[in-house]
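As a plain string of letters, each chain reads:
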Amino acid sequence: MIEIQGLHKSFGANRVLQGLDLTVSKGETLAVIGQSGSGKSILIKHMIGLMRPDRGRIVIDGVDICCLSERELYDVRRKFGLLFQAAALFDSLTVEENVRFGLERYQDHPPDRIREIVLDSLAKVGLRDVEHLMPYELSGGMKKRVGLARAIAYEPEIMLYDEPSTGIDPIRADAINDLILRMQQELNVTSVVITHDMTSAYKVADRIAMLYNGKIVQIGPPDEIRDSADPVVQQFIHGRAEGPIKEY
Amino acid sequence: MAAESKPFPFSTLFSNVGQVGLLFGRAAAGLFHKPFERENFLQQLEDIGVRSLPVVSLTAAFGGLVFGLQTYIGFHRFIGPGSEAYGGPVISLGLTKELIPILVGLMITGRVGSAMAAEIGTMKITEQVDALYSLGADPVRYLVTPRLLASVIMVPILVLYGDIIGIACGYIYNIMMGVNQHIYLKNTLLYLEFWDVVTGLIKASVFGGVIAIIGCWQGLEARGGAEGVGRAATRAVVVASIAVLILNFFLSKALPADMVI
């Protein structure tokens, strides 16, 4: 379970998160929507301890991670799988070495089993015979899927997806949506999905949270968000240029 | 109206020195933690050592030649014709204790320090450093420790190699100028002590550590895209070069001139 209370984060004069409160239940899939630069990626980096808040609490399964040392954060981070917005594959490693990277550090398997898991993880994201390639030989979409395979390889309890469908064709994006759903149904994985893609949000999310002005302005099931009376939410989900959101 | 004077940023200087010191401490502590990144370390040995051989060869050869030339002129002019053969120890001493460590240190700063800053800086801005954290690897142990160790080991080896090339080139130049080969070699072997060579190697080891830690530090501090990476690489070269030159003086003062080993 993830509980965030009164989270503040500023970069100089830019106040990105301003007292954000959010709870994600175990086994739930939460989609976080919001305009570009609204702090969605900053939010998930706080959840995994890659950033420290200026103020507020982030509690993961009963442990407040804000005051933990790097060594203590290691145990918290092994619960998480993170798909980065631009995949963040290691340039100097092959696809196979990328996917086995976390697996070798978080789990203790013999080399044959590791290779088996690597190939299985790549197959889950629709990739075959790419394990020997270097990241620069992959398309943007393939990189994203390798990044996803790397994140799911060690079967984390919590998955954080930073714009999983960006840069991928609609068919492949839907396959990734199915994978997110399968992870929840089969492994009871808790997921937080950062997205602009409302089709994806409606399909995968149990609840959708709208981030605006550093706070969650509305959170609820997809139908509730679709029928929201909040003009900010309506403008965003319908992608209208006119409305209360001006800061594009 | 008088221009508002900007105070010298002492606080920034101390803060930076503190950051480098902390990074060095964490990287050094990484040597005693498992897993040691063996493949990364071997890769760095090759990058820093083997791939620097051509540039070190050229630098040492021309350093030796020009030092041989000036020593020849100096002895010929101030002591007289025939005295040039006594320049051998001067050339060897100057090369092993000062010129080769400094030249190699500066060349490695340009070739390796900037590459470290650029590579780690690129990893930083493309979130690969965050990915290391998320996948259970400490970026300092994974990136900095192998580079630091490889640099501390390889720079002295390059300096020793440069010493041999430089002394050989100084000798060849003097022989070509008609200097008495027998006296030149006899004096060189008589007056050049093992400690002189060791002094240069100790300096080189310190330079190696400083170059690696400053390169990695600048890489980890990189911000703001390709421009930020370029700035980090430039700063790594400038800061490490200045550090090498300053440290060289203090090490020359601190290390005893003679020591029986």
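Just so you know, these numbers come straight off a predicted model, no measurement behind them. (Residues numbered from 1 in each chain as written. Chains lettered and ligands numbered in written order. Predicted model: local features only at pLDDT ≥ 70, side-chain atom pairs only at ≥ 80, totals over all residues.)

Let us now look at the confidence of the model for chain A. Reading fine detail from the predicted coordinates is not recommended where pLDDT is low. Per-residue pLDDT for chain A has a mean of 90; in total, 99% of the residues score no lower than 70. Averaged pLDDT values for the elements of chain A fall to 84 in helix H6 (residues 170-187) of chain A and rise to 95 in strand E3 (residues 29-33) of chain A. (pLDDT = per-residue confidence, 0-100. Helix = DSSP H or I, 4+ residues; strand = E, 2+ residues; numbered from the N terminus.)

All names here are of chain A. Ordered by their spatial adjacency, four strands build an open sheet running E2-E1-E4-E5, and the pairing between neighbours is antiparallel. Two strands lie at the open edges of the sheet, namely strand E2 (14-24) and strand E5 (63-64), each paired on one side alone. Direction of pairing for strand E4 (residues 55-60) relative to E5: antiparallel, over a ladder of two bridges. Looking across to E5, one finds that Val 59 is bridged to Asp 64. Sheet strands in contact with helix H1 (residues 40-47) are strand E1 (2-11), E2 and E4, and its direction is about 60° off that of E2. (Pairing = 2+ DSSP bridges. Contact = placed C-beta atoms within 7 Å. Axes fitted to C-alpha atoms, helices over the stretch in contact; angles between N-to-C directions.)

Residues and elements named next belong to chain A. With phi around 75°, Ala 87 is a residue other than glycine that occupies positive phi space. Here Ala 87 lies in the loop between strand E6 (80-83) and helix H3 (95-106). On the basis of neighbour count, Ala 87 is assigned to the buried category, with 26 C-beta atoms found within 10 Å. A positive phi is found at Asp 129, a non-glycine position, where the angle reads about 55°. (Buried ≥ 20, exposed ≤ 12 C-beta atoms within 10 Å, placed from the backbone.)

Before going further, it helps to examine the packing of H3(A) against helix H4 (residues 111-124) of chain A. Residues and elements named next belong to chain A. Two numbers describe how H3 lies on H4: the axes approach to 10 Å, and their chain directions differ by 120°. Remark: the crossing between H3 and H4 carries right-handed chirality. Seen from H3, the contacting residues are Glu 96, Val 99, Arg 100, Leu 103 and Glu 104; seen from H4, they are Ile 114, Ile 117, Val 118, Ser 121 and Leu 122. Grouping the constituent residues of the contact of H3 with H4 by class yields six nonpolar, one polar and three charged. (Left-handed = near helix turned anticlockwise from the far one by under 90°. Nonpolar A, V, L, I, M, F, W, Y, C, P; charged D, E, K, R; others polar.)

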